[in-house]
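Geometric and topological summary
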Amino acid sequence: MKNTVLTFQQAKKEGKKQTMLTAYDYSTAKLIDEAGINSILVGDSLGMVCLGYEDTLAVTMEDMLHHTKAVTRGAKNALVVADMPFMSYQTSVYDAVVNAGRLIKEGHAQAVKLEGGATVCEQIKAIVNASIPVCAHIGMTPQSVNAFGGFKVQGKGEAAAQKILDDARRVEEAGAYAVVLECVPAALAQKITETLEIPTIGIGAGVHCDAQVLVYQDMIAMFSDFTPKFAKTFANAGAVMMEGFKAYDKEVKEGTFPAKEHTFKMDETIIDKLY
């Protein structure tokens, strides 16, 4: 059954947890979709895990469109959400609607995600008014890494926690269908989840969120530059891939691959007639 923003919201009402993983290409999206994951996020995290940037700030709209198109070709049942990259929506409400529209029209995503609370509510309202579902993102917002002074937990103190709770209320009022809570204390995430009618999607925000999201390279140990505290290794695909790469390298250099079963035959008497 196709997952939509409405089925996500219905799951919260029924107390059913939902799952989300990132994907950036057709083959991975197809596997995640077939595994029964409810939603796929084409995250601007692709800047780090696919393109090798230090953060997400250099990711462009063209990058997002390229990868979103690939993912939507592979995902048939999962709700595909595309990230709006840095400076694609902060500049104006007009830019926000135009760029969100491109991710839907050209990328074939079913929803978009943007970072920020009260400061982006006008953009959220305008995008929603254009009939485009919006997932908000508050707490540790990676596009604000320079303002935060690094990737740090947000909302530990009373004033900071109140601001995040207020932001959560504001994005719900603006029309967001869900909100990602990143790197906030579990108790605060629980309070927000109990306060809002829309689903919360946690990443480093504890077990009480309505759904969870992880970068897929983190949860199968493919990305070794650093491991976030909130990431759990569910399968060590990185080690399996390394083993395969090394075995291929060894057999090619030893001359044992390709073997006869990997080659094509012909009438070899023809060879003698060639000049």
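Report follows, based on the coordinates. All values derive from a computational prediction rather than experimental measurement. (Residues numbered from 1 in each chain as written. Predicted model: local features only at pLDDT ≥ 70, side-chain atom pairs only at ≥ 80, totals over all residues. Heavy atoms only, no water.)

**Notes on the nonpolar core**
As a rule of thumb, nonpolar side chains are buried together in soluble globular proteins. Using the following cut-off: Grouping buried Ala, Val, Leu, Ile, Met, Phe, Trp, Tyr and Cys residues that are joined through side-chain atoms within 4.5 Å yields what is termed a nonpolar core. Burial classification: accessible surface area is computed with a 1.4 Å probe over protein chains only, and a residue below 20% of its type maximum counts as buried, one above 50% as exposed, and the rest as partly exposed. Secondary structure is summarised from DSSP: a helix means a run of H or I of at least four residues, a strand means a run of E of at least two, and numbering begins at the N terminus for each. Contacts are assigned to residue pairs that have any heavy atoms within 4.5 Å of one another.
Counting residues in each nonpolar core, the largest one holds 59 residues, and the members touching the most others are Ile 124, Ile 127 and Leu 181. Of the residues forming this core, the biggest block, six residues, is contributed by helix α8 (residues 158-174). Excluding its chain neighbours within four sequence positions, the residues that come into contact with Ile 124 are Leu 114, Val 134, Ala 136, Val 171, Ala 174, Gly 175 and Ala 176. With 15 residues, the next largest nonpolar core counts Met 20, Val 81, Ala 111 and Tyr 177 among its residues.

**Focus: the packing of helix α4 (residues 61-74) against helix α5 (residues 93-105)**
For clarity, the cut-off: Each axis is a line fitted through C-alpha atoms, taken for helices only over the stretch in contact, and angles between the N-to-C directions span 0 to 180 degrees. Relative orientations are named as follows: roughly parallel for angles under 35 degrees, roughly antiparallel for angles over 145 degrees, roughly perpendicular for angles from 65 to 115 degrees, and oblique for any other angle. The sense of a crossing depends on the near helix, which, turned anticlockwise from the far helix by less than a right angle, makes the crossing left-handed and, turned clockwise, makes it right-handed. Amino acids are sorted into nonpolar (Ala, Val, Leu, Ile, Met, Phe, Trp, Tyr, Cys and Pro), charged (Asp, Glu, Lys and Arg) and polar (every other residue, Gly among them).
At their nearest, the axes of α4 and α5 sit 9 Å apart, and the two run at 25° to each other. By the angle between their axes, α4 is roughly parallel relative to α5. Viewed along their axes, α4 and α5 form a crossing whose handedness is right-handed. From α4, Met 61, Glu 62, Met 64, Leu 65 and Thr 68 reach across to α5, where they touch Asn 99, Arg 102 and Leu 103. Class assignment for the residues of the contact of α4 with α5 results in four nonpolar, two polar and two charged.

**As for the pairing of strand β4 (residues 111-115)**
The following threshold applies: Pairs of strands are assigned from DSSP output, requiring at least two bridges between the strands. Convention used here: a crossover is right-handed provided that the path from the first strand, over the helix, to the second strand proceeds clockwise when the strands point away from the viewer.
Burial of β4 is extensive: five of the five residues sit out of reach of the surface. Every second residue of β4 is oriented toward a common face, with Ala 111, Lys 113 and Glu 115 on one face and Val 112 and Leu 114 on the other, all of them buried. As defined by bridge partners, strand β3 (residues 79-83) adjoins β4 across three bridges and the pair is classed as parallel. The partner of Val 81 across the bridge, within β4, is Ala 111. Between the parallel pair β3 and β4, the chain is carried across by α5, and the sense of this crossover is right-handed. As paired elements, β4 and strand β5 (residues 134-139) share four bridges and run parallel to each other.

**Here we look at the pairing of strand β2 (residues 39-42)**
A two-sided burial pattern is seen for β2, the buried positions comprising Ser 39 and Leu 41 on one face and Ile 40 and Val 42 on the other. Of the pairings in the sheet, the one linking β2 to β3 comprises four bridges and is parallel in character. From the neighbouring strand, Ser 39 faces β3, where its bridge partner is Leu 79.

**Observations regarding the environment of Val 215**
You can see Val 215 is positioned in the loop between β8 (211-214) and α10 (216-219). Sequence separation between Val 215 and Leu 21 is 194 residues; the distance between their C-alpha atoms is 5.9 Å. Filtering out sequence-adjacent residues up to four positions away, Val 215 remains in contact with Thr 22, Tyr 24, Ser 45 and Val 49.

**What about unusual backbone geometry?**
Put simply, Phe 257 and Pro 258 share a cis peptide bond, and its omega is 5°. Looking at the secondary structure, you find Pro 258 in the loop between α11 (237-254) and α12 (269-273). In this model, Met 87 sits at a positive phi of 70°, which is unusual for a non-glycine residue. The residue Met 87 is located in the loop between β3 and α5 in this model. Relative accessible area serves as the criterion here: at 42%, Met 87 is assigned to the partly exposed category. We note that Ser 131 has phi near 70°; this positive angle belongs to a residue other than glycine.

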